[in-house]
Structures are given as structure tokens and as C-alpha cells.
Amino acid sequence: MTWDILLTDCRAATMAETGKPYGAIEDAAVALKDGRIAWVGARADLPAGDAKDTARLGGRWVSPGLIDCHTHLVYGGDRAAEFELRLKGATYEEIAKAGGGIASTVKATRAAGIDSLAASAAKRLTEIAAEGVTTIEIKSGYGLDLENERKQLAAARRLGEMHPVTIRTTCLAAHALPPEFAGNSDGYIDKVCTEILPAIAHEKLADAVDAFCEKIAFTTAQTRKVFETARRLGLPVKLHAEQLSDQGGTQLASEFGALSCDHLEYVSDAGITAMAKSGAVAVLLPGAFYALRETKLPPIDAFRRAGVPIAISTDHNPGTSPTLSLLLMLSMATTFFRLTPEEVLAGATRHAAKALGLQKSHGQLQTGMNADIAIWSIDRPAELSYWFGGNPCGGIIQNGAWVKKCA
């Protein structure tokens, strides 16, 4: 056997459910070939073979590449001015009435060309990926018509072609009501279902469909129409659910076999039971919780008791979570939500992969899985959520090739 890359003198947080914390292997070796993990285990058990490139890592930890499973990375402009207004006492409603909020991002996104959108998003992607993120989901939802939803998703696809990161795209046309449909949300949902989603699916621009089910967005009945359309088009669904109130969105999403339900501060016991039965992942977004100064915590213990997998993501967006650090989100999730360091790392690897439908190929160091690996200059995996403000990622391998080689 000849491997492309052999990692030795390392410790592996495989994140496989082996019964050991972090699925850890002390004094590990990881062999890579043809973009896949060919072998992983204790170095003493390494089968005989040669390697084109052997990297001795000096006791560093290796883990699956991190997965940021909920972002809105492609958009025009920013909302820093609104941030200042909120700090001076302006309410979100006052800002929205003055043309701010999502409407301002929609305006800036519609005005931007695809080259501009891709270029600005690329800068943000570079920052996020530097922390060992090898897979990222990018939603649309700031175009709100076919031309501009298509433009956002095409820009996201372009990022995957230009950068060594796996991109999954999600059509979030049912994000907010565009100005031309003011007072006519049913009319807009009809447009989403008859025009936007069919075209996006035909052009293969989206890997999933999302919606925002909330009092300030769309009803469960309207969301059902979106999900029925997605099902006909063969696209899996996700849902922004129970962020500000309990609308029963989790039950609806679970009925459609949703990959994930996201936010979930106000989810009910019935919603959690539905998620547990359907296998939906709970994606928690501590950046939005922080930025909005929320006090209502997601029901972590109820998720644990029900066996609902918990993922952690940045929710990067210009309005309510303008963060560029998934590692910071891991720290916030331990501090705000009282998750354990092992839970949050699973939430950015194994469970995040499941939230994107990638659990068979990503999120664990297992034979046959994608060779996406982050290499960390730490003494124990808990440090990934213990430290905040720094970046201990010393090396990155994407699809079996070095993106950043350890010094």
C-alpha cells in the first residue's frame, strides 16, 4: 500500500462514537489516499506501507475538519450603522420602518453584481476557513426574486470552485417579504413555489431548501407550501424555527424529514419529540443569541434526554451574527448554553455533517470518509472551546491535499 499522506506522532479526536471521549486515539496514525481516509488507528497497529508524504506532528491533535452548517455568507453591504443605532436605543422595528434590517441587505444585494458578491464573501470565507473549517453551508435569502436568489447561489457555488472548501448551498427565498410584495405574503410564497424554486432546482444551484417560520416571517401553512414544492423537486428541507416564538415549525419540519431545525430557543416538548422521531438535528446559533441579547435559552437538557443531535454554527449574517469565528461559537455555546467541550466539538463535526446530509462522508475520522482534517497545536480537545480570540489551527488538509502545512 502506498499512501498519499501519512500523519504520525499525533493524537486523534476522531469524533466517532467509540465510547471514549472525543473518540480519542492516543499516539495515532492517519493514512490518506485518493482524497479519503485509508486508515486511522493507534500508530502501533499501522499496517506496512509507504507514503509519498509523511508528516510527523509532534504530538499535535488532529480532528475532522470543522463544519459551519448554517451561514448567510453571500450578501451586499453591511449593517454596522444599524448596530450603532441599536446601541443608541433604536428598536429593530424602528430601524426596519426606516428601510433598515433585512430590507437594507436585500437592497444592497440586488444592487451588487455576482463578481462583487463573490469577492466580498471570499474574504469572509478565508477568515472562517483559517480556523480549520473545511465545509460550509451558504444560504440565499437576500435576493427574494429569481434573478437575485440565482445570483446569490451562483456566487456561493463559485466560492467552492475558487477555494479549497466544500460548499453546500441552500435556497432561503422564503426568508422575508420583498418590498414589491408588501402586504401580500401569500402572493410571494406562490412566486417562490411556482417560479423561484423550480428554476433553482432545474439549474442545480441549491442542495436544500430553507424557510423562516415565525410571526415576523411566514406561517406554518405558507412554509408547508414551500416544503411541498421542495419535496416535488427532490430537495431536502431545513427550517429557521422557534427563534422568537413557538409556531409549531419543528413539528412541520419533522413531518417533511428536515435535515435540521435551527435557532430553537422557544421549541416545545412536542417539537423536540417530533425532531427525535424524525432524526432532525438541532442547530444552535450562539452568535445570534449574543448579538440579540437573548435571555431565553434553548432547552439543552430536553434535547439530551430525547437524543436529538446538537450542532453549532456561526449563523454568519450582516444583521444578527456578524461573526467570522466558529471557534468563538464553540466557546459561547459552552458558556451560554452549558454544553460540554465534547458536545460542541461534535456539534461542529459529526452533528454538523448530519445537518447537511453529509454524515456518511464528513464529520468523523473514519476509514472511507473524506480526508478533511484540521491539525491543532493544543494539549487537549477541550481547548478548542476553552480559548477564545486565538486560532490554534496549525494545519489543514482538504480532500486529501494540504491547504496549510504544519510548520
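Please read all numbers here as calculations on a predicted model, not as lab measurements.

## Notes on the overall build of the chain
Scanning the chain for helices and strands turns up 15 helices and 16 strands. On C-alpha atoms alone, the chain measures out to a radius of gyration of 21 Å, which is about the 22 Å that the 2.2 N^0.38 rule sets for 407 residues. C-alpha atoms of the chain, sized along the principal axes, occupy 70 × 45 × 45 Å. Buried positions account for 59% of the 407 residues belonging to the chain. Sequence separation of 24 or more characterises 71% of the internal contacts of the chain that already satisfy a separation of 6 or more. Summing over all exposed atoms, the chain offers an accessible surface of approximately 16300 Å²; the carbon and sulfur share of this is 52%. Side-chain charges of the chain comprise 42 positive and 46 negative groups, with the mean position of each set lying 1 Å from the other.

## Describing the UniProt feature "binding site: Zn(2+)" (unreviewed entry) in the chain
Taking the UniProt record as the reference, the feature "binding site: Zn(2+)" (unreviewed entry) is found at H70, H72, H240 and D315. The greatest C-alpha distance among the residues just named is 12.4 Å, despite their covering 246 residues of sequence, which places them together in space. Residue position: H70 is located in the loop between β6 (66-68) and α1 (80-87). Within the local environment of H70, its side chain forms a polar contact with the side chain of D262, the two groups lying 2.7 Å apart. Discounting residues that sit within four places of it in the chain, H240 has contacts with H70, H72, K139, L172, D210, A211, F212, C213, D262 and H263. In terms of polar contacts, H240 uses its side chain to reach the side chain of H70, at 3.3 Å.

## Side note on the UniProt feature "binding site: 4-imidazolone-5-propanoate" (unreviewed entry) in the chain
Here the UniProt-annotated "binding site: 4-imidazolone-5-propanoate" (unreviewed entry) positions come out as R79, Y142, H175, Q243 and T320. Locating Y142 in the fold gives a position in the loop between β7 (133-139) and α5 (146-162). Here Y142 falls in the buried class, since its relative accessible area comes to 2%. Each residue touching Y142, except ones within four places of it in the same chain, is listed here: H72, V74, Y75, I102, T105, V106, T109, E149, Q152, H175, N317 and P318.

## Observations concerning the packing of aromatic side chains
For the structure on display, the rule yields eight aromatic pairs. Their ring planes at 65 degrees and their centres at 5.6 Å tell us that F227 and F256 sit as a pair that is edge-to-face. You can see F227 sitting in helix α7 (residues 220-232) and its partner F256 sitting in the loop between α8 (249-255) and β11 (260-263), a full 29 residues away along the chain. This pair shows no difference in class: F227 is buried, exactly as F256 is. Pairwise contacts between aromatic rings join F289, Y290, F336 and F337 into one cluster. Here the guanidinium or amino end of R124 rests over the ring plane of Y75, the centre of that ring lying 3.9 Å away.

Rules used throughout
- Residues numbered from 1 in each chain as written.
- Predicted model: local features only at pLDDT ≥ 70, side-chain atom pairs only at ≥ 80, totals over all residues.
- Heavy atoms only, no water.
- Helix = DSSP H or I, 4+ residues; strand = E, 2+ residues; numbered from the N terminus.
- Rg over C-alpha atoms; globule rule 2.2 N^0.38 Å.
- Buried < 20%, exposed > 50% of the residue type's maximum accessible area, 1.4 Å probe, protein only.
- Contact = heavy atoms within 4.5 Å.
- Areas by Shrake-Rupley, 256 points an atom, 1.4 Å probe, with all protein chains shown as cover.
- Lys, Arg positive; Asp, Glu negative; His and termini not counted.
- Charge placed at Lys NZ, Arg CZ, Asp CG, Glu CD.
- UniProt positions renumbered as here; feature names shortened; annotations may be inferred.
- Polar contact = N/O pair within 3.5 Å; in protein donor to acceptor, adjacent residues only side chain to side chain.
- Phe/Tyr/Trp six-rings, centres within 6.5 Å; stacked < 30°, edge-to-face > 60°.
- Lys NZ or Arg CZ within 6 Å of the ring centre and 35° of its normal.

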